[in-house]
Amino acid sequence: MTQIESRSKVQPSKGSGQPKRNGSSNPSSKNSVPPTIAPPPPKNQSPIKWLLRGVILTSLVAASTTLGLAAALLIPLPTGLAFHNNKQERSLDDLWQTGLQYQIARPVNILVMGIDRVPGAAQNSKSIFDGRSDTMLLVRLDPQDDSVKLLSIPRDTQVDIPGIGVVKINDANVEGGPKLAATTVSNTLNGVQIDRYVRVSTEAFRELVDLLGGVEVYVPKPMSYTDQTQKLKINLSPGLQTLNGDQAEQFARFRHDDYGDIGRVQRQQMLMKALLKQLTNPMVIPRLPGLISSMQKYIDTNLSTEELLALVGAGRKLSQGNFKMVMLPGRFSAPGEFQASYWIMDPVGRDRVMQQYFNVSAVDEASNPTASTTSLRIAIQNASSKPDAAYQLRQHLVKLGFNNVSIAPDWAERQPQTEIVVQQGDLSGAAELKQRLGFGSVEADSTGDLESDLTIRVGEDWVNKER
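Novice: Would you mind going over the overall build of the chain with me for this structure?
Specialist: If you tally the helices and strands in the chain, you get twelve helices and 23 strands. Considering only residue pairs separated by 6 or more positions, the chain has 71% of its internal contacts joining residues 24 or more positions apart. Total accessible area computed for the chain in this model is approximately 20,100 Å², and 49% of it derives from carbon and sulfur atoms.

Right, here's the structure in full:
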């Protein structure tokens, strides 16, 4: 059952009738108790309460930009640092121990949407959240294994929006706000429960990146054109570089290549990794007050303060390996197949992702057969200094019994370690492939070859292994 509710209360949705256009962004509820949070014992107000609120808000902002940086909400700040507040100095670790005592009692699913600019919308008004969702993510925080899973849903995904019809999923928010968006996502993804939502206006991302001092990203090729709809001029040169807020938005929004919106999802995941790295930089801590004052106007959410405390507190246990990203499996619609171009969801891939990432079984489990690992589509990208490394690895895989292996274009950036990229969300298949290979690391994201189930990005460790 989908749940979507007002800013501090909880209420399951009742029915799937058509919401009022632009009139249901904050559905109300009464006499309800948040089901996911266990409160701490009562205690006196801490003199650093203002800073706690700042940490929470900053984490939420980082989690909820138009790039879908939802995982940043859960990245723990470095311990052992001192923060000076007037006459009182306390370690950051002590700060967390004092204030973040709320706990998550069960897995929580949060729908995160980055909203396109709304022409004519006044700044600081609620109408800035009434546009189409440029980015849509479903984020799951699971206290049982201290993990975060993030599903990117392409904006062009073809769905049946209740009361509207078969259109792109980015229309759901503009037609009925977060309630309709949550209902549509739940209906599309095997009835997954959605507990909370976060909406962020597009301006948030640029300001966040600038306040963090930029992000280091490898731009794989020249990117140049003007997005007239969003009034954005894109002009980036290739290579490893530190992007400011405007440039980072250009990198995220670029879509003039063969991959279109799906390429944008891949770049968003690359930016997410870069921002997570930046957020763990101790130099970020003094910038928290500036983040607080700058970001409030860009966010609309129904997460309560207690729930935010619980989410950030849970993030203290999160490690890099417990953060997994995946894109909704599917394909591009063929020319002439529909009046509009769509991302057509793959039901079998959807069922696999919902089971492995969200613990939601398929409606018809018999329709989701388990494929043999040796029959998986494996693409190999060379990211090493040896020109024929990909071909050598392909021969090795054939000897191991893998019969559906192809060579993809080289990865532009050199890598020291081989990565197995879980392009279609098959974590178990990736783990078995790693075991058969005997080296490499599993990367749970969707930055690999789009035609593959798994992409092996060959690093220098394979070159050294072959010497």
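Novice: Honestly, the pairing of strand S7 (residues 147-152) in this entry has me stumped. Any pointers?
Specialist: Regular strands place their side chains on alternate faces of the sheet. With six of its six residues buried, S7 lies for the most part within the structure. Burial along S7 is two-sided: the residues Ser147, Lys149 and Leu151 and Val148, Leu150 and Ser152 are all buried. Strand direction decides the pairing type here: strand S6 (residues 133-142) and S7, joined by six bridges, are antiparallel. Among the inter-strand pairings, Val139 is bridged to a residue of S7, identified as Leu150. What sits between the antiparallel neighbours S6 and S7 is a turn of four residues, in which Asp146 has the positive phi angle 50 degrees. Where S7 meets strand S16 (residues 323-327), five bridges bridge the pair, whose relative direction is parallel. Counted as the bridge partner of Ser152 is Met327 from S16.

Novice: How should I be thinking about the sheet that holds strand S22 (residues 441-443) in this particular structure?
Specialist: The pairing of strands in a sheet happens through backbone hydrogen bonds and is either parallel or antiparallel. Read across the open sheet, the five strands follow the order S20-S19-S23-S21-S22; overall the sheet is mixed. In this open sheet, the two strands that pair with only one neighbour each are strand S20 (405-407) and S22. If you compare each strand with its neighbour and ignore which way they point, the axes differ by 25 degrees on average. Helix H10 (residues 389-399) rests against strand S19 (378-382), S20 and strand S23 (454-458) of the sheet, and its axis sits at about 150 degrees to S19.

Novice: Could you clarify how one ought to interpret helix H11 (residues 427-437) in this entry?
Specialist: Within an α-helix, residues lying three or four positions from one another point in the same direction, as the helix has 3.6 residues per turn. What H11 keeps buried is the set Leu427, Gly429, Ala430, Leu433 and Leu437. Seen along its axis, H11 keeps its buried residues to an arc of 160 degrees; they face one direction. A positive phi of about 85 degrees marks Gly438, the residue just after H11.

Novice: Where do I start with the nonpolar core in this structure?
Specialist: Within the largest apolar cluster, 49 residues are counted, with the highest numbers of intra-cluster contacts made by Leu151, Leu189, Leu393, Leu397 and Leu433. Ranked by the residues each element gives to this core, the list is headed by helix H3 (residues 171-188), at five residues. Counting 41 residues, the second-largest nonpolar core is a separate cluster that includes Val148, Leu236, Ala252 and Met295.

Novice: Is there a simple way to explain the packing of aromatic side chains in this structure?
Specialist: Two descriptors summarise a pair of aromatic rings, namely the distance from one centre to the other and the angle between the planes of the rings. Applying the stated criterion to the full structure yields three aromatic pairs. With a centroid separation of 5.5 Å and 90 degrees between ring planes, the pair formed by Phe338 and Tyr342 is classed as edge-to-face. Between Phe439 and Trp462, the aromatic rings sit 5.5 Å apart at their centres with planes inclined by 15 degrees, giving stacked as the arrangement. Placement of Phe439 in the loop between H11 and S22 and of Trp462 in helix H12 (residues 460-466) is noted, with a sequence separation of 23 residues between them. By the burial criterion, Phe439 is buried, and Trp462 matches it. Across from the ring centre of Trp411, 3.7 Å away, lies the NZ or CZ of Arg457, which sits over that ring.

Cut-offs and rules
- Residues numbered from 1 in each chain as written.
- Predicted model: local features only at pLDDT ≥ 70, side-chain atom pairs only at ≥ 80, totals over all residues.
- Heavy atoms only, no water.
- Helix = DSSP H or I, 4+ residues; strand = E, 2+ residues; numbered from the N terminus.
- Contact = heavy atoms within 4.5 Å.
- Areas by Shrake-Rupley, 256 points an atom, 1.4 Å probe, with all protein chains shown as cover.
- Buried < 20%, exposed > 50% of the residue type's maximum accessible area, 1.4 Å probe, protein only.
- Pairing = 2+ DSSP bridges.
- Axes fitted to C-alpha atoms, helices over the stretch in contact; angles between N-to-C directions.
- Arc of directions from axis to C-beta.
- Core = buried A, V, L, I, M, F, W, Y, C linked by side-chain atoms within 4.5 Å.
- Phe/Tyr/Trp six-rings, centres within 6.5 Å; stacked < 30°, edge-to-face > 60°.
- Lys NZ or Arg CZ within 6 Å of the ring centre and 35° of its normal.

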